[in-house]
Amino acid sequence: MPAATPGTPSLLRAMNDRAALELLLTHGPLSRTRIGHLTGLSKPTASQLLARLEDAGLVVATGTDAGRPGPSAQLYALNPRAAYAGGLDVTPGRILAAVADLTGEVVGSFELPCAEGAGAVDQVTEALGEALKAAGLQRSDLHRLVIATPGAFDPQTGQLRYAGHLPGWHSPTLLDDLAAALPMPVEYENDVNLAAIAEQRLGAARGHEDFVLLWNEEGLGAALVLGGRLHRGWTGGAGEVGYLPVPGHPLVRQVARANTGGYQELAGVQVLPRLAAELGIEAAREPAPDAPHNGPLVAEAVALLQRAAAEPEGLHLRFLQSYATGLATGLASLVAVLDPEIVVLSGAVITAGGDPLRALLEAELAELAPSRPRLVTGEVRERPVLRGALESALAATREEVFDTSR
């Protein structure tokens with residue numbers, strides 16, 4: 001079939017279809033009259049559109065709008081089963097897998113502890129298979145998959161960089177092996193970049209074109225969004241700020257071999273227990289109930305920061321102030337170069353400090369950087385990396401599914 005050309009009826013129908021599908025995604029169930037009003041289409045045209053989308057399996061009738069006076073109107077909704085997308089969040093200790101329907105609702109998930117010596121391909125297929133099983137789906141039902149990892153796959157070589165601590169993921173044939181094992185299109189993205197996508201689409205960065213997301217859990221990292229788009233760099237390493245040389249800590253040389261750098265050593269998660277001990281603050285006896293499950297060091301740091309933020313005075317205030325100074329030292333370099341509109345603070349360690357840490361960090365940054373971006377706490381708290389992977393996979397899936405001109 002020849003491709004549609006501008007102005008042809010088939011192209012106009014596809015444009016109207018896409019507009020209606022986007023409205024249903026944004027607003028939920030709508031009546032024919034409401035869709036016509038929002039799109040500017042006549043009632044007959046809106047009726048034809050809905051019938052066409054219903055026949056294509058993209059829209060389903062969901063009941064009637066009985067809450068308004070007059071005859072009840074039939075409501076239509078996006079068919080959640082029209083397509084499914086998957087996301088994986090990979091760390092050295094575990095793989096989180098989830099499957100979402102076309103509306104974005106998670107319908108199946110699974111957490112796989114990483115066994116020592118297990119191969120990356122086997123771990124990925126097992127975690128994804130269990131998430132699909134929980135959703136009652138088969139691999140063939142999955143439209144697209146996005147895998148989040150620390151570091152990034154170099155687009156020139158196809159090998160993982162900046163993540164020497166991720167065992168089993170550095171084979172030169174890994175991407176080919178995964179492609180052979182997985183029947184759906186697969187994309188790979190840095191974990192912190194995906195946390196930024198989650199905040200951009202669902203959280204604190206909505207409506208902002210230029211922002212930095214500063215992340216701290218097992219590692220310290222950043223995501224850079226410029227003009228509304230992720231900036232990944234030539235080798236995918238943009239935002240690997242843990243390697244940044246900073247004042248206040250000796251230079252770390254041969255950083256690729258050491259897998260650490262000055263900013264990580266100055267303000268990474270490992271600093272917090274030592275800082276607390278130096279101030280005479282007792283270590284947390286047990287992790288907070290909502291502490292993350294990605295390592296005892298992170299859990300201890302979260303508990304220390306939560307306790308300090310709950311009573312930000314005396315030794316607790318000094319603890320928060322010292323940590324804010326360390327964070328601001330590296331963040332000032334990013335702000336001076338990029339001049340972002342906002343900085344989103346994300347990751348369990350930073351967000352555990354709450355508003356007291358954010359306010360101290362903002363005050364320190366104002367002393368160290370010429371521009372003064374607003375600092376905001378990330379709003380996507382529940383598995384932000386995994387949520388970003390799902391959002392990225394869903395965006396590409398919807399782009400294809402909503403294109404009815406094909």
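Below you will find a few notes about this structure. Fair warning: this is a prediction, and the values are worked out from it, not measured in the lab. (Residues numbered from 1 in each chain as written. Predicted model: local features only at pLDDT ≥ 70, side-chain atom pairs only at ≥ 80, totals over all residues. Heavy atoms only, no water.)

Time to look at the side chain of threonine 260. Mapping threonine 260 onto the fold places it in the loop between α7 (255–258) and α8 (262–267). Here the side chain of threonine 260 touches glutamate 265 through a polar contact of 2.7 Å, side chain to side chain. Contacts of threonine 260, omitting those with residues within four sequence positions, involve Gly242, Tyr243, Val252, Val255 and Glu265. (Helix = DSSP H or I, 4+ residues; strand = E, 2+ residues; numbered from the N terminus. Polar contact = N/O pair within 3.5 Å; in protein donor to acceptor, adjacent residues only side chain to side chain. Contact = heavy atoms within 4.5 Å.)

For side chains bearing opposite charge, pairing can occur when the charged atoms are close. Here the structure, examined in full by the defined rule, presents 13 salt bridges. For the salt bridge of aspartate 17 with arginine 52, the shortest nitrogen-to-oxygen distance reads 2.7 Å. In this pair, aspartate 17 is assigned in helix α1 (residues 9–27) and arginine 52 in helix α3 (residues 43–55), connecting sequence segments 35 residues apart. Here glutamate 391 makes a salt bridge to arginine 387, at a shortest N to O gap of 2.9 Å. Linking glutamate 391 with arginine 387, this pair stays in helix α14 (residues 384–401), spanning 4 residues, or about one helical turn. By the burial criterion, glutamate 391 is buried, and arginine 387 matches it. (Salt bridge = Lys/Arg side-chain N within 4 Å of Asp/Glu carboxyl O. Buried < 20%, exposed > 50% of the residue type's maximum accessible area, 1.4 Å probe, protein only.)

What follows deals with the packing of α1 against helix α2 (residues 32–39). At a closest axis distance of 10 Å, the pairing of α1 and α2 adopts a crossing angle of 115 degrees. In terms of axis orientation, α1 runs roughly perpendicular to α2. Considering how the two elements wind past one another, α1 and α2 form a crossing that is right-handed. Contact with α1, carried on its side by Ala19, Ala20, Leu23, Leu24 and His27, involves Ile35, Leu38 and Thr39 of α2 and no other residues of that element. Among the residues forming the contact of α1 with α2, the class breakdown is 6 nonpolar, 2 polar and no charged. (Axes fitted to C-alpha atoms, helices over the stretch in contact; angles between N-to-C directions. Parallel < 35°, antiparallel > 145°, perpendicular 65-115°, else oblique. Left-handed = near helix turned anticlockwise from the far one by under 90°. Nonpolar A, V, L, I, M, F, W, Y, C, P; charged D, E, K, R; others polar.)

Let us now look at unusual backbone geometry. One non-glycine residue with positive phi stands out, namely tyrosine 162, at about 65 degrees. Note that tyrosine 162 resides in the loop between β9 (160–161) and α5 (174–181). A relative accessible area of 24% places tyrosine 162 in the partly exposed class. Positive phi, close to 50 degrees, is recorded for glutamine 254, a residue that is not glycine. By the element assignment, glutamine 254 lies in the loop between β13 (229–230) and α7. A residue is classified by how much of its surface remains accessible, and glutamine 254, at 56% relative accessible area, is exposed.

In terms of nonpolar packing, the biggest core is built from 45 residues, with Tyr263, Phe319, Tyr323, Leu327 and Leu331 touching the most fellow members. Looking at which element gives the most residues to this core, the answer is helix α11 (residues 315–338), with 10 residues. Dropping the residues within four chain positions of it, tyrosine 323 is found in contact with Asn216, Ala267, Leu272, Leu275, Leu305, Val349, Ile350 and Leu357. (Core = buried A, V, L, I, M, F, W, Y, C linked by side-chain atoms within 4.5 Å.)

This part covers the packing of aromatic side chains. Under the counting rule described, the total for this entry stands at 2 aromatic pairs. With centroids separated by 5.1 Å and ring planes inclined at 55 degrees, the aromatic side chains of phenylalanine 153 and tyrosine 188 adopt a geometry described as tilted. With phenylalanine 153 in strand β8 (residues 152–153) and tyrosine 188 in strand β10 (residues 186–190), the pair connects residues that are 35 residues apart, well separated along the chain. According to the relative accessible area criterion, tyrosine 188 is partly exposed, its value standing at 23%. Ring plane angle 55 degrees and centroid distance 6.4 Å describe the contact between tyrosine 162 and tyrosine 243, whose orientation is recorded as tilted. Placement of tyrosine 162 in the loop between β9 and α5 and of tyrosine 243 in the loop between β13 and α7 is noted, with a sequence separation of 81 residues between them. (Phe/Tyr/Trp six-rings, centres within 6.5 Å; stacked < 30°, edge-to-face > 60°.)

Another aspect to go through is α1. Along its 19 residues, α1 runs 27 Å from first to last C-alpha, staying within 8% of the 27 Å computed at 1.5 Å per residue. Every buried residue of α1 is listed here: Ala14, Asp17, Ala20, Leu21, Leu23 and Leu24. Residues of α1 that are buried in the fold lie against β1 (30–31), α2, α3, β2 (59–65) and β3 (73–78). Of the residues flanking the end of α1, it is glycine 28, one or two places downstream, whose phi is positive at about 85 degrees. (Expected span 1.5 Å × (residues − 1).)

So, to be careful, I would describe these as geometric facts and stop short of saying anything about function.
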